[in-house]
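Given next are the chains, with one letter for each unit.
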Amino acid sequence: RSLAVVHFWAPWAPQCAQMNEVMAALAKEHTQVSFVKLEAEAVPEVSEKYGITSVPTFLFFKNSQKVDRLDGAHAPELTKKVQRHASSSSISVGSNETAKEDLNVRLKKLINAAPCMLFMKGSPKEPRCGFSKQMVEILNKHGVSFSSFDIFSDEEVRQGLKTYSNWPTYPQLYVAGELIGGLDIIKELEASGELDTVCPKAQKLEDRLKNLINKAPVMLFMKGSKQMAKCGFSKQILEILNNTGVDYETFDILEDEEVRQGLKTFSNWPTYPQLYVKGELVGGLDIVK
């Protein structure tokens, strides 16, 4: 019942080196967990088998079964997942009820993670079954704002949600924490015109950009975050703001391609970082200097 965490990495990716340091720290803390590094490009057949399309990616195994997955360099999330799976590994056989209760709490959190949640096979960009693909197409056609969870990434969720919701198949769509149903029901709602009233609409990009720009009196759109800049210009602008004692918030444009491209057009400013004060563009690094 011990836990193994496998890091699919590449020597050319700086974020992988950072996550290796995080893993080393976690290994000291969780001595009962096995931490393994696999160079993704050196084992293409393994990478292909587990759908590794980017690095870093972490897979979690228990009893030789994949139980979880994490894509990207998210140190807090990796720490959380290791803690959760390591603690459930050490649970004795007699506490099945506790494990079941913990899973239900987790499922409830996932279902309520966004106003509209789709549990599907694959992702909206890469659905891995025909029903999931059709579901995504319908939701996109109606401009529905939704988040998704890939049930292939977590066997515990995949099996547990069937029992929790008493719904045996995927995809499953939830709105405000309530199960709406699978593809057939969504098709029926679409045909009757009810889908538009049931599901929350996606925010227009322009409205979203305005909201982000006005999220704080001083907003910096940059590559990386306050804690870790991911380009030299962003690093310099952080240093200037920190030295002046300005209170500011940041947005990582590397995390959201829609915002990254849209803001260039919206503000007619082609590069990053971009600094806004009270919703107005001040400029980039040169102007701030």
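Residues numbered from 1 in each chain as written. Predicted model: local features only at pLDDT ≥ 70, side-chain atom pairs only at ≥ 80, totals over all residues. Heavy atoms only, no water.

Engineer: Report on the sheet that holds strand E6 (residues 147–150), specifying residues and quantitative values.
Structural biologist: With respect to topology, 4 strands assemble into an open sheet ordered E6-E5-E7-E8, the strand pairing being mixed. Looking at strand neighbours, the two that pair on one side only are E6 and strand E8 (178–181), the edges of this open sheet. The mean inter-strand angle of the sheet, taken between neighbouring strand axes irrespective of direction, is 30 degrees. Two strands pair when backbone bridges link them, and strand E5 (residues 116–120) and strand E7 (residues 172–175) are joined in this way by 4 bridges, in the antiparallel orientation. For Met117, the partnering residue across the bridge sits in E7 and is Tyr174. (Pairing = 2+ DSSP bridges. Helix = DSSP H or I, 4+ residues; strand = E, 2+ residues; numbered from the N terminus. Axes fitted to C-alpha atoms, helices over the stretch in contact; angles between N-to-C directions.)

Engineer: Could you give an account of the packing of helix H9 (residues 205–213) against helix H11 (residues 257–267), naming the residues involved and the relevant values?
Structural biologist: Packing of H9 against H11 brings their axes to within 10 Å, and their N-to-C directions diverge by 90 degrees. In terms of axis orientation, H9 runs roughly perpendicular to H11. Only Glu258, Val259, Gly262, Leu263 and Phe266 of H11 make contact with H9, whose side of the interface consists of Leu205, Glu206, Arg208, Leu209, Lys210, Leu212 and Ile213. Taken together, the residues of the contact of H9 with H11 sort by class into 7 nonpolar, 1 polar and 4 charged. (Parallel < 35°, antiparallel > 145°, perpendicular 65-115°, else oblique. Contact = heavy atoms within 4.5 Å. Nonpolar A, V, L, I, M, F, W, Y, C, P; charged D, E, K, R; others polar.)

Engineer: Give me the lowdown on the pattern of salt bridges, citing residues and values where you can.
Structural biologist: Pairs may arise between side chains of opposite charge once their charged atoms sit close together. In total, this model carries 15 salt bridges according to the counting rule given. Close ionic contact of Glu155 with Arg158 constitutes a salt bridge, the shortest N to O distance being 3.8 Å. Taken together, the positions of Glu155 and Arg158, both in helix H6 (residues 155–165) and 3 residues apart, correspond to about one turn of that helix. Judged by relative accessible area, which is 31%, Glu155 ranks as partly exposed. Ionic pairing is found between Arg208 and Glu258, a salt bridge with its closest N-O pair at 3.0 Å. Here Glu258 lies in helix H11 and Arg208 lies in helix H9, a separation of 50 residues in the sequence. A residue is classified by how much of its surface remains accessible, and Arg208, at 22% relative accessible area, is partly exposed. Beyond isolated ion pairs, a larger network of salt bridges with shared partners links Asp68, Lys81, Arg84, Arg106, Asp154 and Glu156. (Salt bridge = Lys/Arg side-chain N within 4 Å of Asp/Glu carboxyl O. Buried < 20%, exposed > 50% of the residue type's maximum accessible area, 1.4 Å probe, protein only.)

Engineer: Mind laying out unusual backbone geometry, listing which residues take part and the relevant values?
Structural biologist: Cis geometry marks the peptide bond from Tyr170 to Pro171; its omega dihedral reads 5 degrees. The topology assignment puts Pro171 in the loop between H6 and E7. Cis geometry is found at the peptide bond from Tyr272 to Pro273, where omega equals 5 degrees. Inspection of the secondary structure assignment puts Pro273 in the loop between H11 and strand E11 (274–277). Of note in this structure, Asn166 is not a glycine but carries a positive phi near 55 degrees. Within the secondary structure, Asn166 is located in the loop between H6 and E7. A relative accessible area of 68% places Asn166 in the exposed class. A positive phi angle is found at Ala176, which is not glycine, with a value near 50 degrees. Position of Ala176 among the secondary structure elements: in the loop between E7 and E8.

Engineer: Can you tell me about the pairing of strand E9 (residues 218–222), naming the residues and giving the values?
Structural biologist: Judged by how many residues are buried, E9 sits mostly within the fold: 5 of 5 residues are covered. Residues Val218, Leu220 and Met222 of E9 are buried on one face, and the alternating residues Met219 and Phe221, pointing to the opposite face, are buried as well. Relative to E11, E9 is paired through 4 bridges, and the arrangement is antiparallel. In the strand pairing of E11, Leu220 is matched with Leu275. Handedness of the crossover joining E9 and strand E10 (residues 249–252) through helix H10 (residues 232–244): right-handed. (Right-handed = clockwise from strand over helix to strand, strands pointing away.)

Engineer: Explain the sheet that holds strand E3 (residues 57–62) to me, and be specific about the residues and the numbers.
Structural biologist: Adjacent strands of a sheet pair through backbone hydrogen bonds, lying either parallel or antiparallel. If you walk across this open sheet you meet the 4 strands as E2-E1-E3-E4, and the pairing is mixed. If you trace the sheet from one side to the other, it starts and ends with strand E2 (34–39) and strand E4 (65–71), each paired once. Taken pair by pair, the neighbouring strands of this sheet meet at an average axis angle of 20 degrees, ignoring direction. Two elements, E3 and E4, share 6 bridges in a ladder whose sense is antiparallel. Bridge assignment links Phe60 to a residue of E4, and that residue is Asp68.

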